[in-house]
Every structure is written in structure tokens, then in C-alpha cells.
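Observations on chain architecture
Given next are the chains, with one letter for each unit.
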Amino acid sequence: MKAIRLYGINDLRIDDVPPPIPQANEVLLQTKSVGVCGSDVHYFHEGGTGSVQLVRPLILGHEFSAIIASGPDQGTLVAVDPALNCGVCEFCKEGNPNFCVNLKFAGSEDTDGAMQTFLAWPRTAIYPLPSSMTPDEGAMLEPLGIAIHALRLGKVFPGMDVGVFGTGPIGLLTIMMAKIAGAGRIFATDRLTDRLKMAKDCGATHVFQADGHEVDPILSATGNRGLDVTFETAGDDGSAVETAIQTAKRGGTAVLVGIPSEDITQFTASAARRRGLTIKLSRRMKNTYPLSIRLVSTGQINLKPLITHTFPLEAYQQAFQTAADRQGIKVLINFPGASS
Ligand SMILES: [Zn+2]
Ligand SMILES: [Zn+2]
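What you are looking at is a predicted structure, and each value in this text was computed from that prediction instead of being measured.

In terms of domain boundaries, the chain breaks down into domain 1 (2–140 + 303–334) and domain 2 (144–281). Measuring from the centre of the C-alpha atoms in domain 1 to the corresponding centre in domain 2 gives 27 Å. In this assembly, 13 residues from domain 1 lie in contact with eleven residues from domain 2. The element best represented in the side of domain 1 that touches domain 2 is helix α1 (residues 38–46), accounting for four residues. Tallied by class, the residues present in the side of domain 1 that touches domain 2 amount to five nonpolar, five polar and three charged.

And the structure:
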């Protein structure tokens, strides 16, 4: 079977590897659709993110759907939670599986991910999808989960003014979530104008080019009150973090979601301190799959406009390049052979 493996910086290869043998608690999955995430692009371009660096050739991919390929549920389309927590450590028991000390995560550190034809994965981490959902939508439930978790941290309530700075897939999903949570006005920024257009389609009421001059117009649109909750969802450099701090109201909350490529986050201390901001750092998500499936299957969240590029497995290089160049919104790789 085929696997897309990262050997080093900008060195991605397609290999023939033996199929995995599932253990007693696992099912064999045949991969259908895998998203190329910003963190995969960090691995591809920089060999890792922050303190997590490539230690051996690694199969990437953590946003995915698959078909169950063995046992009584064979043929069922499922979404797959890439995070496997132990359930017994102090932090799992505190209700924070995303902080598990024994966490394994598909396509990260020493755990191979979904960019392979077959994958063995624990039964407890797979979620059957309703027949109304497509494999590509199934792959989008992981980034939707990130947005759900960020929104929970931000505690958005009806009527609030909200900022979302950086409108890639996570930012756009955060805008959609803020909208259905009842946000009154949603202010969004990005460097790319096509992404701002998409932000409006997703529910942003005010959009601004991220050109270093976006703070003043946002503040003046609120009568200099500021925003109740701000989300940083850009991750590429610090400017969206600064915007999230500078536009939050007195006593407001800023939620930092993006992964900074330089592994440094900085902002003007006095702007945060004098207004007594609560700053929260979002770490992946926890138990979001049942909710994300309901949100999509009931039509409250429409993922389809975000899926702008799909590539067959053979075009994996082009898929990574498209994601790295920030073309469109979400890039997915479709695996052949599996049908539901
Ligand atoms: Zn991701
Ligand atoms: Zn644990």
C-alpha cells in the first residue's frame, strides 16, 4: 500500500509500505480524504513545530475520514479523532484529555498519520457519519473541532462583538461558530482579499485587510469600546496576536489559536495589562466530534464552501504546495479505492 512520508525539510515521498495489522482494540480503516493542515505545512517547510521536530520518516495527516475495512461495520464511513489520550493520567482525569501526558496524535512526533492507504486505529476514536455527509466533509470535522474548542474558551454569548484575526480554515470556522453562537458583530482580518470575501460569506460583518493599520478602524467601529472576545487564528507571525490584544475591550478575553512559526508569541504588555485582559491559549480540542457531526448534519455549519482544492493521492506534492502557497481555503488529498 502507499504512504506519503516526510523524510526531512521539503522532502516528501510516496513509499510502498506493508499494511498495518490491527490490535484487539483497533479497527482497520481505509483512508478516504485527508486535509493538509497548517501544521503539516510547518512539518514540510521547517521539519516540525516549535519543540516538536521530525525524528524519523513520518506519515503525516490528522484531519481525515475513512471507511471501516474489516469486521461487522465494514463499509461504514467514519470521521477519525487523531488524538488518543490515556484516560488515566492526572490531566485526563481532570477532564482535559487534550493535555494528556501520554497523548498520541496522528501524524505527529512518533505516531504515523492518515496519509496512507490503510491505518489501524482504536475503535473508541472513530465516529460513524450520517449518509448525508461526504468523506471530504468528514475530514473537515477536525478543524471544525478546533474552532468549537476555541469558541468554548472564548465564551461567546448572543450580542457580543467578536474579532477573528486570520481567516484561513480555522478562522472561517470560528466565524461560523461565533455567528451561530449569536455574536452581534464579527470583525475579521486577513492579508489575502479572497479570504476576506470568504469571511463575509461565513458571517463576518466587518472585514479589514491585515496591513498593520487595522486596529484603529476596528476600535472606532465599536465607538472605542473594543471587542468582547477576540480570536487569533493566523499563526504565521505575531501581528494577529497584537491585533487580538489591541482590539479587546477592558476586561475582555483574547484566545490565541494559531501556531507561530518562530515559536515566539509577543504583544504589547501595557495594552493587555492596563485593560486586565484574560488571555487564553487554545490546545487542540476535546470531545468535539459528536457536536461537530450534529452541526454539519443539521445544516447549521456548511463546510462545503471551504473545500476549495481536492487532489488525488498521486498529486500529493501539488497538494502540499497549494496549501503552503495559501491558495484557496482547504486542501484535501483523496485516496483511491475505498467506497462506502
Ligand atoms: Zn490540523
Ligand atoms: Zn492521559
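Turning next to the environment of Ala-319. By secondary structure assignment, the location of Ala-319 is in helix α11 (residues 316–324). Exposure remark for Ala-319: the 26 C-beta atoms within 10 Å place this residue in the buried category. Setting aside residues no more than four positions away along its own chain, Ala-319 makes contact with Val-36, Phe-311, Val-331 and Ile-333.

With five of five residues buried, strand β13 (residues 161–165) is to be regarded as a mostly interior element. The alternating pattern of β13 places Asp-161, Gly-163 and Phe-165 on one face and Val-162 and Val-164 on the opposite face, and all of these are buried. Examined bridge by bridge, β13 and strand β14 (residues 185–190) share five bridges and lie parallel to one another. Within β14, the position partnered with Phe-165 by the bridge is Thr-189. Assessed by its sense of winding, the connection that carries the chain from β13 through helix α5 (residues 169–180) to β14 is right-handed. Judged from the four bridges that link them, β13 and strand β16 (residues 227–232) form a sheet pairing that is parallel. Among the inter-strand pairings, Val-164 is bridged to a residue of β16, identified as Phe-231.

Reading across from one edge, β15-β14-β13-β16-β17-β18 is the order of the six strands in this open sheet, with parallel pairing throughout. Each edge of the open sheet carries a strand with a single partner, namely β15 (206–209) and β18 (278–281). Strand-to-strand twist in this sheet, taken as the mean axis angle between neighbours without regard to direction, amounts to 15°. Both β14 and β15 contribute to a ladder of four bridges, which runs parallel. Among the inter-strand pairings, Phe-187 is bridged to a residue of β15, identified as His-206.

Here the focus is the nonpolar core. Counting 100 residues, the largest nonpolar core has Leu-29 and Ile-175 as its most contacted members. Two domains each donate at least three residues to this core, and these are domain 1 (2–140 + 303–334) and domain 2 (144–281). Ignoring any residue separated from it by four or fewer positions in sequence, one finds Ile-175 in contact with Val-164, Ile-186, Ala-188, Ala-199, Cys-202, Gly-203 and Ala-204.

What counts as what
Residue positions are counted from 1 within each chain, in the order its sequence is given. Chain letters and ligand numbers both follow the written order, the letters beginning at A and the numbers at 1. It should be noted that, the model being predicted, local features are given only for residues of pLDDT at least 70 and side-chain atom pairs only at 80 or more, the latter also being counted only at that level, while totals for whole chains, interfaces and linings use all residues. Domain ranges listed in this record stem from an automatic or a database domain assignment. For the purpose of contact definition, each residue receives a C-beta atom placed from its backbone, and two residues are in contact when these atoms lie within 7 Å. Helical segments are the DSSP runs of H or I of at least four residues, strand segments are the runs of E of at least two, and each set is numbered from the N terminus. When residues are sorted by character, Ala, Val, Leu, Ile, Met, Phe, Trp, Tyr, Cys and Pro go into the nonpolar class, Asp, Glu, Lys and Arg into the charged class, and all the rest, Gly among them, into the polar class. Exposure in this text rests on C-beta crowding, where 20 or more other C-beta atoms within 10 Å of a residue's own make it buried, 12 or fewer make it exposed, and counts in between make it partly exposed. The C-beta atoms are placed from the backbone. Strand pairing is defined by DSSP finding a minimum of two bridges between the two strands. If you view a crossover with the strands going away from you and the path from the first strand over the helix to the second runs clockwise, you call it right-handed. Interaxial angles span 0 to 180 degrees and are taken between N-to-C directions of axes, which are lines fitted to C-alpha atoms, for helices over the stretch in contact. A set of buried residues qualifies as a nonpolar core if it consists of Ala, Val, Leu, Ile, Met, Phe, Trp, Tyr and Cys joined through C-beta atoms within 7 Å.

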